Amino acid sequence: MYRFLLTPRWWGINVFVALAIPFCVFMGSWQLGRFEDRVQGHKDASAQSTANEKAAPRPLDSLLPVDQKTSGKRATATGHYGKQLLVPDRELDGRTGFYVVTLLRTEGGAGRALPVVRGWVPGAASAAKAPAAPRGEVTVTGALQASESPGSGGAPAAGGLPAGQLGAISAASLVNLVPYDVYDAWVTLDKADSGMTAVPATAPQGSGLDLKAFQNLGYTGEWFVFAGFVVFMWFRLLRREAEFARDAALGITESDDAPEAADSPEPASPEAARG
């Protein structure tokens, strides 16, 4: 009954099924692993954030370059404040406002400047609302952050901002705004300067349970469902083929069930009807 499995057609079907199922299981397992990695990264980032708040601050240069391990750690730097810029359209506690970013000319960084987020002010960005930076030598302490990219972390993707405003806090955005080198990092103060609210540190990119994490979980389900569908269709084809083979062995065919055209009576001709 199952000799049809040795036909070229079924050889092709069996080879496809034998390759498709392991491939689907592998892809589903890989997507599940990606989801688990993101979950673990989220847990590690939460634990690291708690540890960073309790850890003693370290010199800025010892934490560079910023990566997954150093992002959020408390850094300290000494220097003199210089140019001040505003970063508009930033949300905090459900309200829209702007960051006040002041460049700190550090002493130990070969004259480079460190962008320092001194705080957040509600409302539209206005230089009149931004408190002036302290004069003289200052030592700042805050959470180290990686440079932003347009369209991430609240930074707008479009440009065209007025003079004195900045879309993304990054060395690339500042290169044409200041006449000196800038660190490829920034710091948000632990305690904001007078009249402003401290900006909390953000988790490193790729360490949270974002939409991509749940996409990985959805893809996992899709691959496993497809593997089950392949098995289901293979058994369905096998059952139908086996039924056809059984009917053929018993001499049961569709043509046997249907009346032959030759056996059906021919309609009488008009002449015969009149006769």
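Predicted model, so just to flag it, every value in this text is computed and none were measured.

(A) Spotlight on the nonpolar core. Counting 18 residues, the largest nonpolar core has Val 87, Tyr 99, Val 101, Leu 103, Val 117, Ile 169 and Leu 174 as its most contacted members. Mapped by element, the contributors of at least two residues to this core are β2 (74-92), β3 (95-106), β4 (113-122) and α2 (171-174). Setting aside chain neighbours within four positions, we find Ile 169 in contact with Val 87, Tyr 99, Val 101, Pro 115, Val 117, Ser 147, Glu 148 and Trp 186. Of all hydrophobic cores here, the second largest spans 16 residues; its members include Leu 63, Leu 144, Ala 185 and Leu 189.

(B) Seen up close, the pattern of salt bridges. Per the stated rule, a full pass over the model turns up 5 salt bridges. Between Asp 190 and Arg 74 there is a salt bridge whose closest N-O contact spans 2.9 Å. Of this pair, Asp 190 sits in the loop between β6 (185-189) and α3 (211-249) while Arg 74 sits in strand β2, and the two are 116 residues apart along the sequence. For Arg 74, a relative accessible area of 21% corresponds to the partly exposed category. With a closest N to O distance of 3.5 Å, Arg 239 and Glu 243 form a salt bridge. One end of the pair, Arg 239, and the other, Glu 243, are both in helix α3, 4 residues apart, so they sit about a helical turn from each other. With relative accessibility at 30%, the residue Glu 243 sits in the partly exposed group.

(C) The pairing of β4, seen in detail. Most of β4 is tucked away, with 9 of its 10 residues classed as buried. Two elements, β4 and β6, share 2 bridges in a ladder whose sense is parallel. Directly across from Val 117, in β6, lies its bridge partner Thr 188.

(D) Seen up close, a nonpolar patch on the surface. On the surface, Leu 6, Trp 11, Val 15 and Leu 19 cluster together into a nonpolar patch covering about 460 Å² of accessible area. You can see Leu 19 is positioned in helix α1 (residues 8-54). When its relative accessible area of 58% is taken as the criterion, Leu 19 is described as exposed.

Rules used in this analysis
- Residues numbered from 1 in each chain as written.
- Predicted model: local features only at pLDDT ≥ 70, side-chain atom pairs only at ≥ 80, totals over all residues.
- Heavy atoms only, no water.
- Core = buried A, V, L, I, M, F, W, Y, C linked by side-chain atoms within 4.5 Å.
- Buried < 20%, exposed > 50% of the residue type's maximum accessible area, 1.4 Å probe, protein only.
- Helix = DSSP H or I, 4+ residues; strand = E, 2+ residues; numbered from the N terminus.
- Contact = heavy atoms within 4.5 Å.
- Salt bridge = Lys/Arg side-chain N within 4 Å of Asp/Glu carboxyl O.
- Pairing = 2+ DSSP bridges.
- Patch = residues over 30% accessible without salt bridge, like charges linked within 9 Å, V, L, I, M, F, W, Y side chains within 5 Å.
- Areas by Shrake-Rupley, 256 points an atom, 1.4 Å probe, with all protein chains shown as cover.

The values are spatial; any link to function lies outside them.
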